[in-house]
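# Understanding the architecture of this molecule
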Amino acid sequence: MKKPSNRQLRLLLAALGVVGFLLLSLILLTYVRQIRLVPHEPPPPAPPVLANPPVPVVPELTRALPEPEVLRRLLRQSLARGGYSDGRLTIEQDHGLTTYVLDASFPDALALDVLLDPLRREEPKVQLETGSAPGSLLVLLEDRVVARLQFRPPRILPVPSPPPLPPVPHISPLPPPTSLTPPSPGSGGRVAIVMDDLGRDLASARELLAIDLEVTFAIIPQNEAASQVAALAHGQGREVMIHMPMEPQGYPRANPGAEALLLGRSDEEIRALVRAYRQRVPHATGGNIHMGSRFTESREKMAVVLEELRKAGLFFVDSRTSNRSVAFETARELGVATARRDIFLDNVRSVSAIRGEIRRMARMAAKNGEALAICHPYPETFAALRAEADYLRAQGITVVPASRLLVR
């Protein structure tokens, strides 16, 4: 067999090299194409956009508190129904607070209930609180002051008395008819006048003792001179009461003092405080309320106080600082001798206004047989009591201690 030449051998090797290069190129090209063709994980599809997205369901809320302007509108309606219009009502703005100035004397609790009944029917949460200005009431909703009522009695000018007629000589006067005979002493009814807030000093106690009227002393036990005033009044034959501080509406903004009877206190704490009051006001035969417009609305807490008074043999007078007070009824249920206030004499601090209320008290006593009034140690009150003492006697009114008007 003939051996291939060198030239043929070189050609064969070159052909094998070209074939090997082509095979290697084909393998690399196939690998690159596989990498490019590997599918990537697609992103999650976007949520569809709705033309009218659903509104989230909100649970129904309880009835919201009315706006102040709504309450003021209801208040104006109540006042208009009560006859306060056509010049008897003016509206003032004082630092953003709406004040309704009423051309009338401060009403008693019953008249106030009738006056504000339309407002309370619409909004039962409305509360009243005595304002800082004399003769004023704050209208509150959830401890928020909405408006103020200011009672201003019309000024009554004194009518000059006519000059006395000259006596008719030598003619004996005929006896007056029986119907015009002046009333005998005591025939005009009985009144009890309780002066609250005493015990701050001895000077006001002595001033009250100098007035020829048997006014009952109601002494705040926390006052500095409480014990001395109680001893002084008792020594002069005057009746002494404990003027017990209790929680008012608007507490703690309206604060009756550090040792007051509060709804948050336990029954044992309340009993201990009442016992402490008795020690600080010796000779006391009864008790009444200082502030207390919220406390006296609680039958449960008032029962604790009244039970303690009954054990000590003390009576109780409901000062009616709230028209929702249950104190008088609870005292009757528990067998505690009790009475309740008919009139405040000095809600308006002017001598003429207080004298007018004293005469209104006398008319109440003449009509009903008795009346219980409460007043305070203001200079105007002392002056009015001195001025009206003779009038009360002339009307046959007998001023008696508060214990003489008790219901048992």
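Preceding this section is the structure that the text describes.
The following paragraphs examine the structure supplied in this document.

A complete count under the given rule lists zero aromatic pairs for this structure. Positioned over the ring face of Phe328 is Arg340, at 4.2 Å from the centre of the ring.

Take a nonpolar patch on the surface next. Where nonpolar side chains cluster on the molecular surface, the patch consists of Leu9, Leu12, Leu13 and Leu16 and spans about 410 Å² of accessible area. Mapped onto the fold, Leu9 is located in helix α1 (residues 6–37). Given the relative accessible area of 45%, Leu9 is considered partly exposed.

In this fold, Leu213 is placed in the loop between α4 (202–209) and β7 (216–219). Since its relative accessible area comes to 5%, Leu213 is described here as buried. C-alpha separation for the pair Leu213 and Ala389, spaced 176 residues apart in sequence, amounts to 6.8 Å. With residues up to four places along the chain from it excluded, the contact list for Leu213 reads Arg238, Leu385, Ala389, Leu392, Arg393 and Val399.

For the rest of this paragraph, the subject is helix α7 (residues 299–311). Every α-helical turn comprises 3.6 residues, leaving residues that sit three or four positions apart pointing alike. For α7, built from 13 residues, the straight-helix expectation of 18 Å at 1.5 Å per residue is met to within 8% by its first-to-last C-alpha distance of 18 Å. Where α7 is concerned, the buried positions are Lys301, Met302, Val304, Val305, Leu306, Glu308 and Leu309. Here the buried face of α7 lies against β8 (240–246), α6 (267–280), β10 (315–318) and α8 (327–334). Gly313 lies just past α7 and shows a positive phi near 75°.

The rules behind these values
Residues numbered from 1 in each chain as written. Predicted model: local features only at pLDDT ≥ 70, side-chain atom pairs only at ≥ 80, totals over all residues. Heavy atoms only, no water. Phe/Tyr/Trp six-rings, centres within 6.5 Å; stacked < 30°, edge-to-face > 60°. Lys NZ or Arg CZ within 6 Å of the ring centre and 35° of its normal. Patch = residues over 30% accessible without salt bridge, like charges linked within 9 Å, V, L, I, M, F, W, Y side chains within 5 Å. Areas by Shrake-Rupley, 256 points an atom, 1.4 Å probe, with all protein chains shown as cover. Salt bridge = Lys/Arg side-chain N within 4 Å of Asp/Glu carboxyl O. Helix = DSSP H or I, 4+ residues; strand = E, 2+ residues; numbered from the N terminus. Buried < 20%, exposed > 50% of the residue type's maximum accessible area, 1.4 Å probe, protein only. Contact = heavy atoms within 4.5 Å. Expected span 1.5 Å × (residues − 1).

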